[in-house]
Structure formats: C-alpha cells, structure tokens
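Observations on the model geometry
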Amino acid sequence: DSFTKFWLDSWNIFDFLVTSLSLVPELLELSIGNRTRTRSTLQTLKVARQLRVFRTFRSLKMVARFRSLKIIVRTIIQAFESFNYILMLLMLLFYIYSLFAINLFETYLLSTAPDLNYQNKFSDIGSSFVTLFQ
C-alpha cells in the first residue's frame, strides 16, 4: 500500500531519477575499472563524466520534503508557462524594430565611405536582431 503511494507522487519519482542518474557515472567507472582502455571505453567514460551534471539536481530533492517549497516551485513552473507568451511578444517586437532599423539605415549601408566601422550591423534581419539585443 505505501509502496504504490510512494510511486504515485511525482516528487518521489523525481528523487528516484536524480539519485539513479547520479549513480550511473560511478557504476560505469567501476565496471570499466583498470582494464585496457580502448577508444570505446574512453568515450564511455567521457559520457559518464558528463552525466555527473545530474548531481546538481540532488539539491532539488529537499523540495520534496517541505510543503512550502513545493508550493513555491509549482508557482514558478506555472509562471514559466505564461512566460512563453511574453517571449513571443518580445520576439515580435524585436522583429518589427529590426525591419525598421534595416529601412532606417539603408542609406548608411549603401555608403562607400571608408571610415564607417559598423556598416553591416543592420544589413540583414539576423545581424539586426543581434545588434538590437546587445
């Protein structure tokens, strides 16, 4: 009964995944041991070392223990869901201003003066986006 309740809670599943994934690099290194290290075993060890990043998620395990932290984390996740719409509006605004800047600086781009340092900053939509973002 308590075993099934444990697996029904998403925080417990998250705890299990974090713990399991953080153990994978250690188990791989133990299984390879001091054998002759071929190219494939070295690549496996390289992947195992990259999986150590999952150790940082261990700190999130304490969220499952405290009810108030769960509420805060769920609220932040819900806030990020609406953040996509804000991001889309900002990208639309950047696109409009990029087109405006391309048209505004068209004569500057066509100039042949040798002392122009930033002549190609608004030459196309990609460089215009980057320049506006800076």
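Residues numbered from 1 in each chain as written. Predicted model: local features only at pLDDT ≥ 70, side-chain atom pairs only at ≥ 80, totals over all residues. Heavy atoms only, no water.

**Concerning the environment of phenylalanine 105**
Inspection of the secondary structure assignment puts phenylalanine 105 in the loop between helix H4 (67–104) and helix H5 (106–110). Classification of phenylalanine 105 by relative accessible area gives partly exposed; the value is 30%. Along the backbone, phenylalanine 105 and asparagine 120 are 15 residues apart, and their C-alpha atoms lie at a distance of 9.8 Å. (Helix = DSSP H or I, 4+ residues; strand = E, 2+ residues; numbered from the N terminus. Buried < 20%, exposed > 50% of the residue type's maximum accessible area, 1.4 Å probe, protein only.)

**Concerning the packing of helix H2 (residues 10–32) against helix H3 (residues 39–50)**
Put simply, H2 and H3 touch, their axes get as near as 8 Å, and they point 155 degrees apart. In terms of orientation, H2 lies roughly antiparallel with respect to H3. Of the two possible hands of crossing, H2 and H3 adopt the one that is left-handed. Judged by residue contacts, Pro25, Leu28, Glu29 and Ile32 of H2 engage Thr41, Thr44, Leu45, Ala48 and Arg49 from H3. (Axes fitted to C-alpha atoms, helices over the stretch in contact; angles between N-to-C directions. Parallel < 35°, antiparallel > 145°, perpendicular 65-115°, else oblique. Left-handed = near helix turned anticlockwise from the far one by under 90°. Contact = heavy atoms within 4.5 Å.)

**Digging into the pattern of salt bridges**
Inspection of the entire model under this criterion finds one salt bridge. In this structure, the salt-bridge partner of lysine 70 is aspartate 9, at a minimum N-O distance of 4.0 Å. Pair noted here: lysine 70 is in helix H4 and aspartate 9 is in the loop between helix H1 (2–8) and H2, with a separation of 61 residues, a long-range link. Judged by relative accessible area, lysine 70 falls into the buried class, the value being 17%. (Salt bridge = Lys/Arg side-chain N within 4 Å of Asp/Glu carboxyl O.)

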